[in-house]
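Observations on the three-dimensional arrangement
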Amino acid sequence: SCWQPLMEVINTVARMAGPRLKFQIVHDRLFFDALDTPHKSFTPTCDYETYLHLLGSSEICFMPLSDTTFNRAKSDLKFIECGACRVAAVASTVVYGDSVEHGRTGMLFRDPRQLYDVLLRLLAAPELARAMGDSARHYVETERMLAYQVAPRIAWYRSLWQRRAELTAALDARMAAAMSAAA
């Protein structure tokens, strides 16, 4: 899993922080079992309302993704959920690098060393997580609400419809070229 290369850092920081750092793990039993701290709790796969309640009661959400083709195709929805719940994201640059503004709406990391530095910074300045959660909430409210996307999306669909003959001709040409190349 994506978190495995980071586990040594997480456990090191958890031991350093002791009871100041509590973990709420949802769904991932293997992560929970690998986490070497008594300050943890586990919730099996749950309904969305329960998930949002658990997320909203947190200060930080850990979102690691390895750099794979599959992960690069994912959306940044988890960051949007964090922002909506006023939770600071601690996220990999994969997927989240274009959404999370490092130090303002969350913290980004590329490798275990950067994660270590991020976690120590958050432990040293606990108020930073709340400030980033507030900034993330503001970002979601002003930039990422679905209501702001409806008009541009409708305009895009109308544009597709108006250009359908041109787009279909271009698709037919690409298909013919692909079929010729395959023969």
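Structure: above.
Quick caveat, the model's predicted, so the values are computed rather than measured.

1. Thoughts on the side chain of Thr105
- Secondary-structure assignment places Thr105 in the loop between α6 (93–96) and β5 (106–109).
- Not counting residues up to four positions away in its chain, the partners in contact with Thr105 are Phe79, Ala89, Ser99, Val100, Met132, Ser135, Ala136 and Tyr139.

2. With respect to the sheet that holds strand β4 (residues 88–92)
- Spatially, the 3 strands line up as an open sheet ordered β3-β4-β5, and their pairing is parallel. Two strands close off the open sheet at either side, each with one partner strand: β3 (60–63) and β5. Strand-to-strand, the axes of this sheet are offset by a mean angle of 15°, without reference to chain direction.
- The pairing of β4 with β5 spans 4 bridges and is parallel.

3. Some details on the packing of aromatic side chains
- Considering all chains together, one arrives at 7 aromatic pairs under this definition.
- Among the aromatic residues, those joined into a cluster by ring pairs are Trp3, Phe31, Phe62 and Phe109.
- When the ring centre of Phe42 is taken as origin, the NZ or CZ atom of Arg29, which lies over that ring, is 4.8 Å away.
- Of note, Arg164 hangs over the ring of Trp161, and the distance from its end group to the ring centre comes to 3.9 Å.

4. Looking at the pattern of salt bridges
- Scanning the entire structure with this criterion turns up 9 salt bridges.
- Of the charged contacts, one joins Arg72 and Asp67 as a salt bridge, the two residues approaching to 2.6 Å between their closest N and O atoms.
- Linking Asp76 and Arg144 is a salt bridge whose minimum nitrogen-to-oxygen distance equals 2.8 Å. Residue Asp76 is found in the loop between α4 (69–72) and α5 (77–84), and its partner Arg144 is found in the loop between α8 (126–143) and α9 (150–162); the two are separated by 68 residues along the sequence.
- The exposure class assigned to Asp76 is buried, which follows from its relative accessible area of 11%.

5. A closer look at unusual backbone geometry
- Positive phi values are uncommon outside glycine, yet His27 reaches one of about 80°.
- Along the chain, His27 falls in the loop between β1 (23–26) and α2 (29–34).
- What makes His27 exposed here is its relative accessible area of 52%.
- Positive phi is not limited to glycine here, since Arg86 has a value of about 60°.
- Tracing the backbone through its elements, the reader meets Arg86 in the loop between α5 and β4.

6. Notes on the nonpolar core
- By size, the foremost hydrophobic cluster in this structure holds 28 residues, and its most contacted members are Ile10, Val13, Phe23, Phe31, Leu35, Leu115 and Leu122.
- Elements that contribute at least two residues to this core include exactly α1 (7–17), β1, α2, β4, β5, α7 (112–124) and α8.
- Not counting chain neighbours up to four residues away, the residues in contact with Ile10 comprise Phe23, Phe31, Leu35, Phe62 and Leu115.
- Judged by nonpolar contacts, the second largest core, of 20 residues, contains Tyr51, Leu55, Val87 and Tyr139.

Conventions we followed
- Residues numbered from 1 in each chain as written.
- Predicted model: local features only at pLDDT ≥ 70, side-chain atom pairs only at ≥ 80, totals over all residues.
- Heavy atoms only, no water.
- Helix = DSSP H or I, 4+ residues; strand = E, 2+ residues; numbered from the N terminus.
- Contact = heavy atoms within 4.5 Å.
- Pairing = 2+ DSSP bridges.
- Axes fitted to C-alpha atoms, helices over the stretch in contact; angles between N-to-C directions.
- Phe/Tyr/Trp six-rings, centres within 6.5 Å; stacked < 30°, edge-to-face > 60°.
- Lys NZ or Arg CZ within 6 Å of the ring centre and 35° of its normal.
- Salt bridge = Lys/Arg side-chain N within 4 Å of Asp/Glu carboxyl O.
- Buried < 20%, exposed > 50% of the residue type's maximum accessible area, 1.4 Å probe, protein only.
- Core = buried A, V, L, I, M, F, W, Y, C linked by side-chain atoms within 4.5 Å.

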